[in-house]
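Given next are the chains, with one letter for each unit.
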Amino acid sequence: GGANYEDFTLTANLEITKATISRISFSDNSFVYDGNPKSLSIVGSLPSGATVSYTNNNQTNAGRYLVTASIDGGANYEDFTLTANLEITKTNQTISWNQSLVVGCGGESSIELTATSSSGLPIIYQSSNESIVRISGNQAILVGGGYVEITAIQLGNNNYNAASPLKRGLTNKLNGMIKQKWNDVLIFDNSSNLYTKWQWYKDGKQIVGATKQVYNSSSPLSGEYYVVVTDVNGNEIETCPINITATQIHKGGLRIVPNPARQGEYFSLFADYELQDLVGAKIIVTDITGKQYNEINKVDVETKIQAPLTAGVYVVHLFLNNGKKSSTKLLVK
């Protein structure tokens with residue numbers, strides 16, 4: 001107070017309160033599963049001394065997670081908490097399958113199916129006809145000949161959606177069903193009576209008109225032959241091929257195709273002789289009493305002859321120039 005006044009003291013409180021942090025946001029976000037961790041983060045700048053920590057963040061697997069952002073304001077700012085949803089959705093997957101499924105000619109009893117998924121998850125297989133192919137794990141067990149559809153399936157899991165099913169046709173060829181009867185005749189074994197139609201092939205090309213159970217070649221067989229047959233259910237099935245090397249062995253004898261023949265229609269007489277043996281030969285058609293019906297003086301390995309107009313049993317005679325002869329019966333309907 002100086003020379004004239006008493007000294008004294010006053011006190012008062014100075015208070016600085018913690019500030020509230022503003023302009024910080026924490027929002028939901030969605031990601032697609034890719035095997036990598038996913039996180040949420042606050043948006044905005046924290047002032048000096050403030051820090052943030054997260055709970056339930058940094059997730060990898062598909063799902064919906066509630067993430068908490070805890071902000072510690074330090075000495076000068078209020079603490080507070082924000083929450084947001086972290087969502088990881090399932091991702092798509094695909095199936096790849098590059099495999100030849102034509103089997104049956106190599107003695108196989110089963111084959112391993114090799115489809116794969118982009119996710120690496122295991123494949124499930126289904127057969128459309130278990131009387132032809134039965135599934136055991138990733139093995140296709142060959143039960144019978146024919147065509148079947150194999151479906152590859154992957155149902156997905158927590159992280160992957162189900163893949164679109166992928167179908168592949170599997171052909172189990174008929175093995176040992178073609179027999180060579182003569183050097184110009186092949187026969188399909190239909191003793192089971194399961195097949196109704198036939199189409200023969202030679203060296204991969206369709207043989208026009210060869211649509212019967214028996215294939216008659218106009219010349220000695222030579223090449224790779226197979227037949228596509230149709231079963232009683234309408235399914236087309238390919239046989240294993242038969243490879244034949246041409247032979248020129250002629251044993252003599254006659255063969256008529258078709259036999260029986262229809263009245264007035266043409267049939268083929270096949271003469272199993274060398275061409276030089278047929279020079280000067282003639283064909284005479286008689287009824288069973290010996291009455292002559294027709295005479296042909298130009299004879300080839302295959303000779304087209306018109307059938308009699310009257311139904312009955314006839315005899316076709318071949319007279320060779322060297323004095324030999326051969327005959328066979330013809331039935332006309």
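Heads up: the structure comes first, above all this text.
Because the structure is predicted, anything quoted here is derived from the model rather than measured.

A. Here's a closer look at the overall build of the protein. What the protein contains, in helices and strands, is zero helices and 28 strands. Over its C-alpha trace the protein gives a radius of gyration of 45 Å, far above what one expects of a compact globule, namely 20 Å for 333 residues. By principal-axis analysis of the C-alpha atoms, the protein measures approximately 175 × 35 × 30 Å. Taken across its 333 residues, the protein has 36% of its residues classed as buried.

B. View of the pattern of salt bridges. Applying the stated criterion to the full structure yields six salt bridges. Here E238 ties to K173 by a salt bridge, and the two come within 2.9 Å at their closest N and O atoms. Pair noted here: E238 is in strand 20 (residues 236–238) and K173 is in the loop between strand 13 (166–172) and strand 14 (178–182), with a separation of 65 residues, a long-range link. For E302, the salt bridge identified is with K304, shortest N-O distance 3.6 Å. Relative accessible area serves as the criterion here: at 28%, E302 is assigned to the partly exposed category. By relative accessible area, K304 is classed as exposed at 55%.

C. Region of the structure containing the sheet that holds strand 15 (residues 185–188). If you trace the three strands from one edge of the open sheet to the other, you get 14-15-18, paired in antiparallel fashion. At either margin of the open sheet sits one strand with a lone partner, and together these are strand 14 and strand 18 (214–216). The mean inter-strand angle of the sheet, taken between neighbouring strand axes irrespective of direction, is 25 degrees. Sheet topology note: the strand 14/strand 15 ladder contains four bridges and is antiparallel. Directly across from W182, in strand 15, lies its bridge partner V185.

D. The arrangement of the sheet that holds strand 2 (residues 51–55) in detail. Taken in spatial order, the four strands line up as 1-4-3-2 in an open sheet, and their pairing is mixed. Each edge of the sheet is formed by a strand with only one pairing partner; in this case those strands are strand 1 (29–32) and strand 2. The sheet shows a mean angle of 25 degrees between the axes of neighbouring strands, taken without regard to direction. Where strand 3 (residues 63–72) lies against strand 4 (residues 80–89), nine bridges are found, and the strand directions are antiparallel. Pairing of S70 across the sheet is with T81, part of strand 4.

E. Seen up close, the nonpolar core. Ranked by size, the top nonpolar core spans 21 residues in total, and within it F267, I283, V316, L318 and L330 carry the most contacts. Those elements that place two or more of their residues in this core are strand 22 (254–257), strand 23 (266–271), strand 24 (282–287), strand 27 (312–319) and strand 28 (325–332). Excluding its chain neighbours within four sequence positions, the residues that come into contact with L318 are L254, A271, Y273, L278, A281, K282, I283, V299, K324, K325 and S326. Counting 19 residues, the second largest nonpolar core, distinct from the first, contains I135, I150, A163 and L170.

F. Structural context of the state of the cysteines. With the rule as written, the count across this model stands at one disulfide. Each sulfur in the disulfide pair C105 and C240 lies 2.0 Å from the other. Here C105 and C240 share a disulfide; its torsion about the S-S bond, -105 degrees, makes the bridge left-handed. With a gap of 135 residues between them, C105 in the loop between strand 6 (102–103) and strand 7 (110–112) and C240 in the loop between strand 20 and strand 21 (242–244) connect regions that are remote in the sequence.

G. Structural context of the pairing of strand 11 (residues 139–142). Burial of strand 11 is one-sided: the residues A140 and L142 facing one way are buried, the residues Q139 and I141 facing the other way are not. Note: strand 7 against strand 11, three bridges, orientation antiparallel. Residue pairing for strand 11: I111 is matched across the bridge by A140. Where strand 10 (residues 133–136) and strand 11 come together, four bridges link them in antiparallel fashion. Residue pairing across strands places S136 opposite Q139, the latter belonging to strand 11. Count of turn residues in the strand 10/strand 11 antiparallel hairpin: two residues, of which G137 carries a positive phi of about 65 degrees.

H. Molecular detail of unusual backbone geometry. The amide bond that connects V257 to the next residue, P258, takes the cis arrangement and shows omega of -5 degrees. Tracing the sequence through the fold places P258 in the loop between strand 22 and strand 23. Following N259, the chain continues to P260 via a peptide bond in cis, the omega torsion being 15 degrees. Of note, P260 is situated in the loop between strand 22 and strand 23. Unusually for a residue other than glycine, N193 sits at a positive phi of about 55 degrees. Residue placement: N193 occurs in the loop between strand 15 and strand 16 (195–202). Taking the relative accessible area as the measure of exposure, N193 reaches 60% and is therefore exposed. Within the chain, D203 stands out as a residue other than glycine whose phi angle is a positive 50 degrees.

Analysis parameters
- Residues numbered from 1 in each chain as written.
- Predicted model: local features only at pLDDT ≥ 70, side-chain atom pairs only at ≥ 80, totals over all residues.
- Heavy atoms only, no water.
- Helix = DSSP H or I, 4+ residues; strand = E, 2+ residues; numbered from the N terminus.
- Rg over C-alpha atoms; globule rule 2.2 N^0.38 Å.
- Buried < 20%, exposed > 50% of the residue type's maximum accessible area, 1.4 Å probe, protein only.
- Salt bridge = Lys/Arg side-chain N within 4 Å of Asp/Glu carboxyl O.
- Pairing = 2+ DSSP bridges.
- Axes fitted to C-alpha atoms, helices over the stretch in contact; angles between N-to-C directions.
- Core = buried A, V, L, I, M, F, W, Y, C linked by side-chain atoms within 4.5 Å.
- Contact = heavy atoms within 4.5 Å.
- Disulfide = S-S within 2.5 Å.

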